[in-house]
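# Reading the structure
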Amino acid sequence: PVPLAVFVSGRGSNLRSILEAQARGDLGAEVALVLSDRPEAPALEIARAAGAATWSRPWPGREGRDAFFEEADGALGAAGCRLICLAGFMRLLPAWLVRRHPNRILNIHPSLLPAFPGKDAQAQALAYGVKVTGCTVHLVDEQVDHGPILLQRAVEVHEGATVEELSQRILEEEHRLYPEAIRLYVRGGFRLTGRRVIRAGGEATKEA
Ligand code: GAR
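Residues numbered from 1 in each chain as written. Predicted model: local features only at pLDDT ≥ 70, side-chain atom pairs only at ≥ 80, totals over all residues. Heavy atoms only, no water.

Moving on: the packing of aromatic side chains. Following the criterion strictly, the structure yields 9 aromatic pairs and no others. A ring pair is formed by W59 and F69, whose centres lie 5.9 Å apart and whose planes are at 65°; its orientation type is edge-to-face. Here F69 lies in helix 3 (residues 65-78) and W59 lies in the loop between strand 3 (54-56) and helix 3, a separation of 10 residues in the sequence. According to the relative accessible area criterion, W59 is partly exposed, its value standing at 24%. The exposure class of F69 is buried, given its relative accessible area of 0%. Considering the side-chain rings of F69 and F89, the 6.2 Å spacing of their centres and the 90° angle between planes classify their relative orientation as edge-to-face. Linking F69 in helix 3 with F89 in the loop between strand 4 (83-86) and helix 4 (95-100), this pair joins segments that are 20 residues apart in sequence. Ring pairing ties together the aromatic residues F7, W55, W59, F68, F69 and F89, which thus form one cluster. (Phe/Tyr/Trp six-rings, centres within 6.5 Å; stacked < 30°, edge-to-face > 60°. Helix = DSSP H or I, 4+ residues; strand = E, 2+ residues; numbered from the N terminus. Buried < 20%, exposed > 50% of the residue type's maximum accessible area, 1.4 Å probe, protein only.)

What follows covers the side chain of T133. By secondary structure assignment, the location of T133 is in strand 6 (residues 132-139). For T133, a relative accessible area of 2% corresponds to the buried category. Discounting residues that sit within four places of it in the chain, T133 has contacts with P110, S111, L112, A125, R153, A154, V155, V157, L166 and I170. (Contact = heavy atoms within 4.5 Å.)

Right, let's talk about the UniProt feature "active site" (unreviewed entry) in the protein for a bit. Per the UniProt record, "active site" (unreviewed entry) is annotated on H109. Note that H109 resides in strand 5 (residues 105-109). (UniProt positions renumbered as here; feature names shortened; annotations may be inferred.)

What follows is the structure, encoded as structure tokens:
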């Protein structure tokens, strides 16, 4: 299995779904290290309970950002990680780190990108009044919530929905989507044409 690093900041329900898929033998990858900017994050408890190694440092602020990510990158390199997943990680990666791991970082975001990037995507969707939103797993590039889209899943916005209710229903789809995206990634079941992810078997038209 491909050694995987997962960055987390909070609750860790996506990490849990990844670990569960791994335990079922259904991931093609193995969580080798879970990294966090919050040593008290519940996600780290989930990692430890599953026997995964953890690395965490309190967020050092803007001036300490590069040193934080240098150390984190050293740790995930030492663990042999070849794929990095952001799962509810609430810090932006520095561009140099993204460039060091081209097309090797995945992120999950609770909207159908390019709609509603950034924070509070579910609240943004409700406020805008869309009838359908969802979740996206994409490759991370140097812009926020922007890289090539691997998989998306749609979720209907019910009449009178609250942020909590909508977030919960999106989250249930996230829990299916992230393990599926990791599986797809490690099997190499796609190729990139510009920013388009072409799944194996789904033939692209000739490049313009
Ligand atoms: C998830 O909904 C994830 O998509 C979102 O934070 C939540 C983390 O939950 N991520 C972002 O909004 C990133 N911009 P979790 O800690 O239970 O996995």
